[in-house]
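Tertiary structure, described
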Amino acid sequence: MQNDMHKDHELIRKFQKGDSKSFDQIVRIHLPEVIGFFITITNDQMQAEDLAQDVFLKLFKYLKGFRFESSFKTYLYRINLNTANSWMTRNKWKKILGLDKVPEPVYQSKEIEEDWMRRELRGAIALLPQKQRNVVLLRINDQFSFSQISKITGMKEGTAKVNFHHAKKKLMEIINEE
């Protein structure tokens, strides 16, 4: 992990000095995990790739100002979260209303039922307040500890735990209403 951070920082310094190939290396290293993050949220490969592209465009624009005060992964996850929140805000009503219009299948295989539950859960997560949504996404999608979530979001570890607890409670309420 420390070695990865050192390599990231080395590539960022080169990029900040004008070496565009170092940015290409950053993309090659981190693209799979960024796409994976968004696939979990969107359940759509093309949408995930579009969102990942947005992340790297933002990164290209703002990386010149990176101050090395945190790890690059923390910085990247903040951009991922902001991009995910923007996408969820833009699409939450469309996604939620789409769920209501899908007819109940007569026969449901376990796979179809699990897919249905994932969609319902994603729709419910989109309704959470942003801080709760961030904690849930990092905790469930990436299985981060509350300590890691604290570093990424900038909230205290105890606050992250409280937000997660409230989010679970709210998710149960939303899902039980439907």
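Nothing here was measured: the structure is a model prediction, and the numbers come from that model.

Rules used throughout
Residues numbered from 1 in each chain as written. Predicted model: local features only at pLDDT ≥ 70, side-chain atom pairs only at ≥ 80, totals over all residues. Heavy atoms only, no water. Helix = DSSP H or I, 4+ residues; strand = E, 2+ residues; numbered from the N terminus. Buried < 20%, exposed > 50% of the residue type's maximum accessible area, 1.4 Å probe, protein only. Salt bridge = Lys/Arg side-chain N within 4 Å of Asp/Glu carboxyl O. Core = buried A, V, L, I, M, F, W, Y, C linked by side-chain atoms within 4.5 Å. Contact = heavy atoms within 4.5 Å. pLDDT = per-residue confidence, 0-100.

1. Description of unusual backbone geometry
- Unlike most non-glycine residues, Asn43 shows phi in positive territory, near 60°.
- With respect to the element layout, Asn43 can be found in the loop between helix H2 (20-42) and helix H3 (45-62).
- With phi around 65°, Phe68 is a residue other than glycine that occupies positive phi space.
- Structurally, Phe68 is set in the loop between H3 and helix H4 (72-101).
- Residue classification places Phe68 among the partly exposed positions, given a relative accessible area of 24%.

2. Section: the pattern of salt bridges
- This structure, assessed with the given rule, holds 4 salt bridges.
- Lys161 is the salt-bridge partner of Glu157, the closest N and O atoms lying 4.0 Å from each other. With Glu157 and Lys161 both in helix H8 (residues 157-177) and 4 residues apart, this pair spans about one turn of that helix.

3. Description of the nonpolar core
- Core analysis: the largest hydrophobic core is formed by 46 residues, its most contacted members being Phe38, Ile41, Leu59, Leu63 and Phe72.
- Of all the secondary structure elements, the ones that give two or more residues to this core are helix H1 (2-16), H2, H3, H4, helix H5 (110-127), helix H6 (130-141), helix H7 (146-153) and H8.
- Ranked by residues supplied to this core, first place goes to H4 with 9 residues.
- Residue contacts for Ile41: discarding those within four places in its chain leaves Ala84, Trp87, Met88, Arg122, Leu137 and Asn141.

4. Concerning the side chain of Asn80
- Mapped onto the elements of the fold, Asn80 is located in helix H4.
- Looking at Asn80, the relative accessible area reads 2%, which means it is buried.
- In this structure Asn80 touches Val34, Phe37, Phe38 and Val55, once residues within four positions along its chain are discounted.

5. Some thoughts on the environment of Leu31
- Along the chain, Leu31 turns up in helix H2.
- On the basis of relative accessible area, Leu31 is assigned to the partly exposed category, the value being 29%.
- Along the primary structure Leu31 and Ala52 are separated by 21 residues, whereas in three dimensions their C-alpha atoms are 7.2 Å apart.
- Leaving out residues up to four positions away in the same chain, Leu31 has contacts with Ala52 and Phe56.

6. Quick notes on the confidence of the model for the protein
- Residues at a pLDDT of 70 or more form 82% of the protein, whose mean pLDDT is 82.
- Per-element confidence in the protein ranges from a low mean pLDDT of 69 for H5 to a high of 93 for H3.
- Of the regions scoring below 50 in pLDDT, residues 97-108 engages in 5 contacts with residues more than four places distant in sequence or in other chains.

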